[in-house]
Amino acid sequence: MLIVMGHVQVAPSAMEEFATDIQALARSVRRREGNLSYAVAVEDPSAGRLLVAERWRDQASLSAHLDAPDTRAFVDKWQGRMAGDIRKYDAANERPLMDG
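Residues numbered from 1 in each chain as written. Predicted model: local features only at pLDDT ≥ 70, side-chain atom pairs only at ≥ 80, totals over all residues. Heavy atoms only, no water.

1. Remarks on the nonpolar core
To be explicit about the condition: Residue types Ala, Val, Leu, Ile, Met, Phe, Trp, Tyr and Cys, when buried and joined through side-chain atoms within 4.5 Å, form a set referred to as a nonpolar core. To sort residues, take the accessible area from a 1.4 Å probe on protein chains only and compare it with the maximum for the residue type: under 20% means buried, over 50% means exposed, and anything in between is partly exposed. Segments assigned H or I by DSSP are reported as helices when at least four residues long, segments assigned E as strands when at least two residues long, and all are numbered from the N terminus. Note on contacts: a residue pair qualifies if any of its non-hydrogen atoms lie within 4.5 Å across the two residues.
Formed by 19 residues in total, the largest nonpolar core has its most connected members in Val-10, Phe-18, Ile-22 and Tyr-38. Every element with two or more residues in this core is listed here: strand S1 (2-10), helix H1 (15-29), strand S2 (35-44), strand S3 (49-56) and helix H3 (69-78). The biggest single contributor to this core is H1, with six residues. Non-local contacts of Ile-22, meaning those with residues more than four positions away in its chain, are made with Tyr-38, Val-40 and Phe-74.

This is the structure in C-alpha cells:
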C-alpha cells in the first residue's frame, strides 16, 4: 500500500473555488480502482492551507490516478496557483491503531 500525505497552499481568496474543485475531483477519485481512501481537509482557511491524505493499493493505481484526465485538468487549472509538499510512503505493515 502507498500512503500519500502532505499540505497544499492556495491564496486564502481562492479557498472556496479550490475546495469546490477538489471536492468534485475527490468524488471521482474515491471510485477509482485501487483507491483505498482520499481526503482533503482545510487546516487553516485564513492561510489557505489544506491537508491531503490518500491511500492507494499500489503504484499502478496511483499512477493511473495521476494520469487520469480529470486529475490532469485539475492540476493544469491550479498549477501556479497552488504550492505544497506532498510525499509518498510505502506501507507494508498495516494494523489497527491500538495494536502493538
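Don't stop here, the text continues.
2. Some thoughts on the packing of helix H2 (residues 59-67) against H3
We count it as follows: For helices, the fitted line uses only the C-alpha atoms of the stretch in contact; every axis is such a line through C-alpha atoms, and the angle between N-to-C directions lies from 0 to 180 degrees. Here roughly perpendicular refers to angles of 65 to 115 degrees, roughly parallel to angles under 35, roughly antiparallel to angles over 145, and oblique to all remaining angles. Residue type decides the class: Asp, Glu, Lys and Arg count as charged, Ala, Val, Leu, Ile, Met, Phe, Trp, Tyr, Cys and Pro as nonpolar, and the leftover types, Gly among them, as polar.
Running from N to C, H2 and H3 point in directions that differ by 55°, and their axes come no closer than 5 Å. Viewed along their axes, H2 and H3 adopt a mutual orientation that is oblique. Together, His-65, Leu-66 and Asp-67 of H2 and Pro-69, Thr-71 and Arg-72 of H3 make up the contact between the two elements. Along the lines of polarity and charge, the residues of the contact of H2 with H3 split into two nonpolar, two polar and two charged.

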